[in-house]
Amino acid sequence: MKNVISGKKIALTHFEEEDFGMLTQYQWDNEFLRNISWDTFHPWNEEMWKTFQGDSDSNERFLFAIRDRFSSEFVGWVSLSDVQFKNRGAELGLAIVPASNRGKGYATDAVHTISKFAFYELGLHKIRLSVHSNNEPAIKVYENIGFQREGVDREGLFQDGKWLDVYNYGLLFSDWKK
């Protein structure tokens, strides 16, 4: 059987000590910051990033470091949070850092790989996510994988002095299998 947490380009792993130092620097990447932060940004130091991992004994959240499958370079993280086993759903989170790693297929492979984990290992039925309406690269990734726009939080985000919509997407196991 294939390793369920390894894709074509990436592997999902635990975080290494040096990843937290890199995250402390990457948080200043404007594109990353603007697409990941929903509210006022508060800079994190290395110790705060370490708490980001959360409780490894909890089944409410699964957080993985994303690494290049061949070089083992840290390229970001992906998570399933608000995992509900009764309703068999979860919320997807994703970040690709630094900017030089974007546009190389890491995000697509990571979303596909975490979806495989969610559906085949956790037995989930649906993965949800929210994305800023101006994050066109992410929207393209999600739609190419099969996520369907299910709703709009009209003017739910204030950025650059303007109100922007936030899109809500969902991916059902039956749609993903196609």
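Above this text sits the structure in question.
Keep in mind that what you see is a predicted model, and the values were worked out from it rather than measured.

(A) Quick look at the nonpolar core. Ranked by internal contacts, the top residues of the largest apolar core, which has 36 residues, are I66, L80, L92, L94, Y142 and F147. Elements with a minimum of two residues in this core: β1 (10-13), β2 (62-68), β3 (74-84), β4 (89-96), α4 (106-121), β5 (126-132), α5 (136-145) and β7 (162-172). With eight residues, the top contributor of residues to this core is α4. Core analysis: the second largest hydrophobic core is formed by 13 residues, F20, Y26, F74 and V97 among them.

(B) Inspection of unusual backbone geometry at higher detail. In the segment running from V97 into P98, the intervening peptide bond is cis, with an omega of -15°. One can find P98 in the loop between β4 and α4. The phi torsion at D160 lies on the positive side, around 55°, for a residue other than glycine. Note on placement: D160 falls in the loop between β6 (148-159) and β7.

(C) Examining the packing of α4 against α5 more closely. The geometry of α4 relative to α5 is characterised by a closest axis approach of 10 Å and an angle of 40° between their N-to-C directions. If you check the angle between α4 and α5, you find them oblique. Here the hand of the crossing between α4 and α5 comes out right-handed. In contact with A107, T108, V111 and H112 of α4, α5 contributes V141, Y142 and I145. Among the residues making up the contact of α4 with α5, the classes are represented as five nonpolar, two polar and no charged.

Reading the values: the criteria
- Throughout this document, residue positions are counted from 1 along each chain, in the order its sequence is written.
- Whole-chain, interface and lining totals are the exception, using all residues; otherwise, since this is a predicted model, local features are given only for residues with pLDDT of at least 70 and side-chain atom pairs are given and counted only at 80 or more.
- Side-chain measures were taken over the full set of non-hydrogen atoms in the model, leaving aside hydrogen atoms and water.
- By nonpolar core we mean a set of buried residues, namely Ala, Val, Leu, Ile, Met, Phe, Trp, Tyr and Cys, connected to one another through side-chain atoms within 4.5 Å.
- Residue burial is assigned from relative accessible area. The probe radius is 1.4 Å, only protein chains are included, and a residue is buried under 20% of its type maximum, exposed over 50%, and partly exposed in between.
- Strands are runs of DSSP state E lasting at least 2 residues, helices are runs of H or I lasting at least 4, and numbering of each runs from the N terminus.
- What counts as an axis is a line fitted to C-alpha atoms, over the stretch in contact for a helix, and the angles between N-to-C directions run from 0 to 180 degrees.
- An angle below 35 degrees is treated as roughly parallel, one above 145 as roughly antiparallel, one from 65 to 115 as roughly perpendicular, and anything else as oblique.
- Crossing handedness: left-handed means the near helix sits turned counterclockwise from the far one by under a right angle, and right-handed means the same turn made clockwise.
- Contact criterion: two residues are considered in contact whenever any of their non-hydrogen atoms come within 4.5 Å of each other.
- Ten residue types, Ala, Val, Leu, Ile, Met, Phe, Trp, Tyr, Cys and Pro, are classed as nonpolar, four, Asp, Glu, Lys and Arg, as charged, and the remainder, Gly among them, as polar.

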